[in-house]
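Chain residues, written in single-letter form:
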Protein chains: 2
Amino acid sequence: MTGWEDIRAEVLRRIRARDWPPGQVIPGEEALAQEFGVARATVNRALTALAEAGFLERRRKSGTRVAETPVRRATLDIPILRHEIEAQGRAYAFRLLDHRLMLPPLAVTTRLGLAPDQPMLWLETVHLADGHPHAHEARWLNPALLPDPCPDFSALSANEWLVRTLAFTAGDLAFLAEAAEGRVAEVFGVTAGAALLVMERTTWSGDQPITLLRLTHAPGHRVQMMV
Amino acid sequence: MTGWEDIRAEVLRRIRARDWPPGQVIPGEEALAQEFGVARATVNRALTALAEAGFLERRRKSGTRVAETPVRRATLDIPILRHEIEAQGRAYAFRLLDHRLMLPPLAVTTRLGLAPDQPMLWLETVHLADGHPHAHEARWLNPALLPDPCPDFSALSANEWLVRTLAFTAGDLAFLAEAAEGRVAEVFGVTAGAALLVMERTTWSGDQPITLLRLTHAPGHRVQMMV
DNA sequence: TGGGGCATTATGTCTAGACATATTAGCGAG
DNA sequence: CTCGCTAATATGTCTAGACATAATGCCCCA
């Protein structure tokens, strides 16, 4: 009847009800195990989960205390554009606008830690939902990782090729707002200067950078996260 | 020498090295336990962690398989503005621009599921770092949850009051880009139409909405997430 | 042939006990 | 008084075994 999820729920209730206010040290695992009539390992499972979620802070010897700043963690399920669009019952397609080897801007080489005089593969793609532009993708690829000959990215999306082929070990992700300009404005059919949401992502294979991706969303797009 | 974290690392290595490609069913816990020379519970701990991180999908009876779409989950540590600013060694302050009871726009009542003719408490705040505007906060508060008399939000930030006082059980969070206008443009000293990043957040206490918050960031701001 | 029920199977969870490890508080020496 | 060692302590992890639960797929019966 009392599983670790019940215990997690009960502890969370006490935190929210301010029975155990922020900063307070809560009873030890042994004591809670006795109170709930379970083994210590079961209490440990529950408290560990709450600590991972950011509700508790645990330290050996000093014990477990309620976090001062409750729920400060949110998770984002990064959508695969094709799935996201098809899940809405719309037809997915993409069009490769441009791809060539060229010298990246300094901001790109700096972020990736590459030599500034090294040309990289530049890919520009538009993702379509029912024929309407849904997102604009600009990608810089480290050419050192590409096979010879280069895959045909007009048939297979670069994203899917990467996912299938390369092992990646780390990455980061940022959101920012940017004014539409040039080709992006043209793609979405908005006037230059319109506010667009950009997701920027870099991925690494060990200490080698794989790619830098800038995904510009259509006007009005919201990226939803779960708390 | 072989703890559950080592096992997690080794399994992750095999996934990334394509020893176990996406979609593949990997050996059962019993087999892995034997291979690594540990108890099944230890393997379970490692695989459970990888499943939570999105690398594996586990189902009773059918077993554990490598996820088709690797790493599709990112976490955001929602910053408390004051801490974020002070961590950069800058002085934090905020100024309450406006607060009054007024009828919210339909979009707000719809999102919160409240009656459209019910006035709500409106708070408009600017957060400052070293005196410079860092973020603009617009907040609608459910007046049913406020004590009488209403707390003095010019002395205590609404956010901190809420965190200290109300239990919240759920919430969601979205990012979008928006053109600067009116007071927001004025606060940041940008021309109307400039692209700004907005974080929108609603919080609930059970089925009662607590607040809807729109945090507009200063021009050029990036919200960084960890993958 | 089709469908319902049952055996099988892999994961999910729990227990009791043990040892490991980080961290703190206190003690003692210089 | 301060530094460094030590003992105490709460969490972290592991084990071996057990039972629970969700799916699957097979067998049997209609």
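These numbers come from a predicted model, not from an experiment. (Residues numbered from 1 in each chain as written. Chains lettered and ligands numbered in written order. Predicted model: local features only at pLDDT ≥ 70, side-chain atom pairs only at ≥ 80, totals over all residues. Heavy atoms only, no water.)

Brief notes about the pairing of strand β10 (residues 223–226) of chain B
Selection rule: Only protein chains enter the area calculation, which uses a 1.4 Å probe; residues under 20% of their type maximum are buried, those over 50% are exposed, and those in between are partly exposed. Where helices and strands are cited, they refer to DSSP runs of H or I of at least four residues and of E of at least two residues respectively, numbered from the N terminus. Strands are treated as partners if at least two bridges between them are detected by DSSP.
Residues B:Val223 and B:Met225 line the buried face of β10(B), whereas the alternating positions B:Gln224 and B:Met226 sit on a face that is not buried. Judged from the four bridges that link them, strand β7 (residues 170–179) of chain A and β10(B) form a sheet pairing that is antiparallel. Pairing of A:Ala174 across the sheet is with B:Gln224, part of β10(B).

Things to note about the protein's contact with DNA strand C
Quick reminder of the rule: Proximity is defined per residue: if any heavy atom of the residue lies within 4 Å of a molecule or strand, that residue is considered near it. Side-chain atoms alone can form a polar contact between residues adjacent in sequence; in general such a contact is a pair of N or O atoms within 3.5 Å, and within protein one must be able to donate a hydrogen while the other accepts it. Throughout, the ten residues Ala, Val, Leu, Ile, Met, Phe, Trp, Tyr, Cys and Pro are labelled nonpolar, Asp, Glu, Lys and Arg are labelled charged, and all others, Gly among them, are labelled polar.
The full set close to DNA strand C counts 23 residues, and A:Gly3, A:Thr42, A:Arg59, B:Arg58 and B:Arg60 are the nearest of them. Among the atoms of DNA strand C lying within 4 Å of the protein, the sugar-phosphate backbone contributes 75%. For DNA strand C, a base oxygen lies 2.7 Å from a polar atom in the side chain of B:Arg40. Contact distances for DNA strand C include 3.1 Å between a phosphate oxygen and a side-chain N or O atom of B:Thr64. Breaking the surface near DNA strand C down by element, the ones donating at least two residues are α3 (40–52) of chain A together with α3 (40–52), β1 (56–59) and β2 (63–66) of chain B. Take the surface near DNA strand C: its biggest share by element is four residues, from α3(A). The class makeup of the residues in the surface near DNA strand C is four nonpolar, eight polar and 11 charged.

Quick word on the relation of the copies chain B and chain A
To keep things clear, this is the line we draw: Copy-to-copy superposition: least squares on the C-alpha atoms, limited to residues that have pLDDT of at least 70 in both copies. The criterion used for residue contact is that any of the two residues' heavy atoms lie within 4.5 Å.
Mapping chain B onto chain A leaves a residual RMSD of 0.1 Å; the transformation is a rotation of 180° accompanied by 0.0 Å of translation along its axis. Considering both components of the superposition, the chain copies are consistent with a two-fold axis. Counting the interface residues of chain B, we find that 100% of their copies in chain A are interface residues as well, pointing to one common contact surface.

A look at the protein's contact with DNA strand D
Of all residues adjacent to DNA strand D, which total 23 residues, the nearest are A:Arg58, A:Arg60, B:Gly3, B:Thr42 and B:Arg59. Among atoms of DNA strand D positioned within 4 Å of the protein, sugar and phosphate together represent 73%. Between A:Lys61 and DNA strand D, the recorded distance is 3.2 Å, taken from a side-chain N or O atom to a sugar or linking oxygen. Breaking the surface near DNA strand D down by element, the ones donating at least two residues are α3, β1 (56–59) and β2 (63–66) of chain A together with α3 of chain B. With four residues, the single largest contributor to the surface near DNA strand D is α3(B). For the surface near DNA strand D, the class distribution of residues is four nonpolar, eight polar and 11 charged.

As for the domain arrangement of chain A
The condition that has to hold: Domain borders in the structure are assigned automatically or taken from a domain database.
Segmentation of chain A into domains returns domain 1 (4–66) and domain 2 (81–217). Centre-to-centre separation of domain 1 of chain A and domain 2 of chain A, based on C-alpha positions: 44 Å.

Thoughts on α3(A)
Residues and elements named next belong to chain A. Heads up, the condition is: Any helix carries an expected span of 1.5 Å times its number of residues minus one.
Helix length check: α3, at 13 residues, gives a terminal C-alpha distance of 18 Å against a target of 18 Å (1.5 Å per residue), a fit within 8%. Buried residues of α3: Val43, Ala46, Leu47, Thr48, Ala49 and Leu50, and no others. Trailing α3 by a residue or two, Gly54 shows a phi angle of about 95°, which is positive.

Some words on unusual backbone geometry
Residues and elements named next belong to chain A. Phi angles above zero are rare outside glycine, and Lys61 is one such case at about 70°. When you line up the elements, Lys61 lands in the loop between β1 and β2. One non-glycine residue, Asp130, lies in the positive phi region at around 55°. Here Asp130 shows up in the loop between β5 (120–129) and β6 (132–141).

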